[in-house]
Amino acid sequence: ASGVTPANEGHIAFDKSDFVLVMPYGPENQYRLIGTVESEEGDKQQHSFDDVSQRAISGLGLSIKQVNWFSTYRVHHRVTNHFRRGRAFLLGDAAHVHSPAGGQGMNTGIADAINLAWKLVAVIKAQAPEILLDSYEAERKGFAHQLVKTTDRVFTFITASGGFADFVRTHIAPAIASQAYQYGRVREYLFRVISQTTMSYPDSSLSEGKAGEISAGDRLPYIAMGMTDNYASLSKIVWQIHIYGTATEEVRNWCDRHGVEWHVFLWQDAFENKGFKQDTTYLIRPDGYIGLVVTERYAEHLSAYVSRLGIQRALLLKH
Ligand SMILES: Cc1cc2nc3c(=O)[nH]c(=O)nc-3n(C[C@H](O)[C@H](O)[C@H](O)COP(=O)(O)OP(=O)(O)OC[C@H]3O[C@@H](n4cnc5c(N)ncnc54)[C@H](O)[C@@H]3O)c2cc1C
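Residues numbered from 1 in each chain as written. Predicted model: local features only at pLDDT ≥ 70, side-chain atom pairs only at ≥ 80, totals over all residues. Heavy atoms only, no water.

## Side note on helix α5 (residues 184-195)
For step 1, the next point in the chain: With twelve residues, α5 extends 16 Å from end C-alpha to end C-alpha; this agrees with the ideal 16 Å at 1.5 Å per step.
For step 2, the next point in the chain: Residue Q196 follows α5 closely and has a positive phi angle near 60°. (Helix = DSSP H or I, 4+ residues; strand = E, 2+ residues; numbered from the N terminus. Expected span 1.5 Å × (residues − 1).)

## What to know about the site of the ligand
For step 1, the next point in the chain: Taken together, Y73, G92, D93, P100, G103, Q104, G105, M106 and N107 are the residues near the ligand.
For step 2, the next point in the chain: For the ligand, a nitrogen atom lies 3.4 Å from a polar atom in the backbone of G105.
For step 3, the next point in the chain: Each residue belonging to the shell around the ligand can be placed in one class, and the counts come to three nonpolar, five polar and one charged. (Near = heavy atom within 4 Å. Polar contact = N/O pair within 3.5 Å; in protein donor to acceptor, adjacent residues only side chain to side chain. Nonpolar A, V, L, I, M, F, W, Y, C, P; charged D, E, K, R; others polar.)

## Digging into the nonpolar core
Generally speaking, a soluble globular protein has its nonpolar side chains buried in company with each other.
For step 1, the next point in the chain: If you look at the biggest cluster of nonpolar residues, it comprises 34 residues, and the most contacted ones within it are W239, I241 and W254.
For step 2, the next point in the chain: Listing elements by their share of this core, those giving two or more residues are α2 (105-124), α3 (134-159), β12 (240-244), α6 (249-258), β15 (290-294), α8 (298-309) and α9 (313-316).
For step 3, the next point in the chain: Two domains each donate at least three residues to this core, and these are domain 2 (78-195) and domain 3 (210-316).
For step 4, the next point in the chain: Leave out the neighbours within four places in its chain, and I241 touches V251, W254, C255, V260, E261, W262, H263, T281, Y282, L283 and L302.
For step 5, the next point in the chain: Residues A211, F276, Y282 and I284 belong to the second largest nonpolar core, which totals 15 residues. (Core = buried A, V, L, I, M, F, W, Y, C linked by side-chain atoms within 4.5 Å. Buried < 20%, exposed > 50% of the residue type's maximum accessible area, 1.4 Å probe, protein only. Domains from an automatic or database assignment. Contact = heavy atoms within 4.5 Å.)

## Let's talk about the packing of α6 against α8
For step 1, the next point in the chain: Axis separation between α6 and α8 bottoms out at 8 Å; the angle between their running directions is 35°. Side by side, α6 and α8 meet where E250, V251, W254 and H258 of the first sit next to Y298, A299, E300, L302, S303 and V306 of the second.
For step 2, the next point in the chain: Across the contact of α6 with α8, the residue classes break down as six nonpolar, two polar and two charged. (Axes fitted to C-alpha atoms, helices over the stretch in contact; angles between N-to-C directions.)

## With respect to the pairing of β15
For step 1, the next point in the chain: In terms of burial, β15 is largely enclosed, as five of its five residues are buried.
For step 2, the next point in the chain: Pairing of strand β14 (residues 281-284) with β15, which is carried by four bridges, proceeds in the antiparallel orientation. Its bridge partner lying in β15, I284 is registered against I290.
For step 3, the next point in the chain: Turn length for the β14-β15 hairpin, with the two strands adjacent in sequence and antiparallel, is five residues, and the turn residue G288 shows positive phi of about 85°. (Pairing = 2+ DSSP bridges.)

## Observations concerning the pairing of strand β13 (residues 261-265)
For step 1, the next point in the chain: Both β12 and β13 contribute to a ladder of five bridges, which runs parallel. Residue pairing across strands places I241 opposite W262, the latter belonging to β13.
For step 2, the next point in the chain: Regarding topology, α6 serves as the crossover connection from β12 to the parallel β13, and that connection is right-handed. (Right-handed = clockwise from strand over helix to strand, strands pointing away.)

The structure is reproduced here in structure tokens:
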């Protein structure tokens, strides 16, 4: 295909109840197009590229020479009632399916797997009680519902028909969107939402405590520190403790007694900007989410948390 400028950027065109998303894909002049084909419920007809409305495509000035691959899929918006039934678990599209608006499906499925994997290992090795597995549905289902609702709204907006909807989509929304996108804050907000880095589990039974701007259940905020960063230790999929500031003897002793890996990061102003509170102890889960935040009586709180969850010493040991 040719005719779209700039050629190496993504483009989206709306035209009445028609839209097309154009993404440069591999070699020059090769693109992936995503759009809509109208069809009735239960329609089993095999569609081809000729069925795709050309209005939005020609609106972009795109001229298509050859179609290498064409495929259709039906958009569903559904979330399963249960992510777990006994020994069976659902994750990925099997648990929640929605329109590709926002490109979130694969990422969400991978996040499900990351959430479940360390819990399964712990329970299979008898290092944690079976009830830990219930936190998988509790933590992931809420986000799945929120995602399906949002993508449903975006998809409905993109495909809604009728005079007013057409006017908003083709005249008002593009003007507002391109203006808003000029602002760094808007771009940063969109990055946070789409990258899912702000997704958190504040109501989980595994989340306890808050200090500064960070609550248990949050994903550990990322901080670059010269040649390294505070995520380096997360490459080990283990429970670990992070202290931003100075570690008290009490915390160090507790970690040594329980064999828990711990890391101290000398206090910098940048930490506060990320929401950390000086000298606070953060107990981090194997998936990089914060389980416990402690600011005082460290040993007592750490021991109480571990015993409440029924976590065995073997699970905490650095491997
Ligand atoms: C057009 C489009 C664009 C997308 N863009 C993005 C994007 O940009 N970013 C993003 O994150 N996500 C995107 N997604 C969503 C993403 O593709 C899915 O969320 C993801 O592939 C789901 O992975 P999964 O492993 O859960 O399921 P699937 O990928 O559906 O895998 C399930 C597998 O199980 C197999 N299977 C089914 N039944 C059986 C059976 N009985 N026995 C054995 N095997 C079986 C199937 O053949 C399939 O291979 C997009 C989806 C579409 C349709």
